[in-house]
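A look at the structure
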Amino acid sequence: MIIIWGSVVNKKHLLCVAVLLLLAGCTGTPKHPTWTNYTGAEQCERLMWQSIQNKQWQEVDHHLAPLFMGVNTAGQSLDHAAWIEHWKQAQVKDYSLGELSAQPAGTDVVVSYIVNFNDGSGRIPSGSSVRVVSVWQSVKKGWVLISQTHTLIQ
């Protein structure tokens, strides 16, 4: 037994308090989200752009649903493999996201935002913005992107 402030405290109680204090600091949004500690679809969206920029194609592939469908700014419908190839050719050097909104829809989350990025391929005119609408689905292994559309803002 330990005496604190004139009270007798059992070592087990002290250990429980210490564990609770440690766990209290472990809640909330991680300061530096990764694919192993993200907390929602908004962070998934940011991580997807980081993976594209860093050419981490295995991460991109892993977080696209097998039946993923995307529409690029030219209006082309692209499946899973074609979407990855599209981004490999795009050569994203930097990006910024704005006006982000995430709306839950059952086990899915619809994310809408504007992205500005430097496309090394020249397909997106410099200084242009793109409106993105994504649908993320919660699955056993985390979240997967099931659909995404890009609309060029003139």
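Just so it is clear, the structure is predicted and the values come from calculations on it, not from any experiment. (Residues numbered from 1 in each chain as written. Predicted model: local features only at pLDDT ≥ 70, side-chain atom pairs only at ≥ 80, totals over all residues. Heavy atoms only, no water.)

1. A few points about the environment of Ser 129
Keep this limit in mind: To qualify as a helix, a DSSP run of H or I must reach at least 4 residues; to qualify as a strand, a run of E must reach at least 2; elements of each kind are numbered from the N terminus. We call two residues in contact when some of their heavy atoms are within 4.5 Å. Side-chain atoms alone can form a polar contact between residues adjacent in sequence; in general such a contact is a pair of N or O atoms within 3.5 Å, and within protein one must be able to donate a hydrogen while the other accepts it.
Secondary-structure assignment places Ser 129 in strand E7 (residues 129–139). Ignoring sequence-local partners within four residues, the contact set of Ser 129 consists of Ile 114, Val 115, Asn 116, Thr 151, Leu 152 and Ile 153. Here the side chain of Ser 129 touches Asn 116 through a polar contact of 2.5 Å, side chain to side chain.

2. Topic: the packing of aromatic side chains
Filter applied, for reference: Ring geometry is summarised as follows: Phe, Tyr and Trp rings, the Trp one being its six-membered ring, pair when their centres sit within 6.5 Å, and such pairs are stacked at plane angles under 30 degrees, edge-to-face over 60 and tilted between the two. Exposure is judged per residue with a 1.4 Å probe applied to protein chains only, and the accessible area is read against the type maximum: over 50% gives exposed, under 20% gives buried, and values in between give partly exposed.
Going through the model one piece at a time under the given rule, you end up with four aromatic pairs. With 5.3 Å between their ring centres and 55° between their planes, Phe 68 and Trp 83 make a pair best called tilted. Taken together, the residues span a long stretch of sequence, with Phe 68 in strand E3 (residues 64–71) and Trp 83 in helix H4 (residues 80–90) at a distance of 15 residues. Judged on exposure class, the residue Phe 68 and its partner Trp 83 are both buried. Taken together, Trp 49, Phe 68, Trp 83, Trp 87 and Tyr 95 form an aromatic cluster joined through their ring pairs.

3. Section: the environment of Thr 107
For Thr 107, the location among the structural elements is in the loop between strand E5 (92–105) and strand E6 (108–119). Exposure remark for Thr 107: the relative accessible area of 52% places this residue in the exposed category. In sequence terms Thr 107 and Trp 143 are 36 residues apart; their C-alpha atoms lie 9.8 Å from each other. Excluding anything up to four places from it in sequence, Thr 107 contacts Trp 136, Gln 137, Ser 138 and Trp 143.

4. Let's talk about the pattern of salt bridges
Here is the rule: Just to be clear on terms, a salt bridge is a Lys or Arg side-chain nitrogen sitting within 4 Å of an Asp or Glu carboxyl oxygen.
The tally for this structure, following the rule as stated, stands at two salt bridges. Across the salt bridge formed by Glu 42 and Arg 46, the nearest N and O atoms sit 3.6 Å from each other. Highlighted residues: Glu 42 and Arg 46, both in helix H2 (residues 41–53), separated by four residues, approximately one helical turn. Using a relative accessible area of 34% as the deciding quantity, one classes Arg 46 as partly exposed. A salt bridge links Arg 131 to Glu 99, with the nearest nitrogen and oxygen atoms 3.4 Å apart. Of the two residues, Arg 131 is situated in strand E7 and Glu 99 in strand E5; the sequence distance between them amounts to 32 residues. Residue classification places Glu 99 among the exposed residues on the basis of a relative accessible area of 60%.

5. Some points on the pairing of E3
Here is the rule: Pairing between strands requires that DSSP locate at least two bridges from one strand to the other.
Direction of pairing for E3 relative to strand E8 (residues 142–153): parallel, over a ladder of four bridges. Bridging from a neighbouring strand, Val 71 pairs with Thr 149 of E8. Pairing geometry for E3 and strand E4 (residues 77–79), over three bridges, is antiparallel. Bridge pairing links Gly 70 to Leu 78 in E4. If you look at the hairpin formed by E3 and E4, you'll find five residues sitting between the two strands, and Gly 75 has a positive phi there, around 85°.

By themselves, these observations are geometric and do not establish any function.
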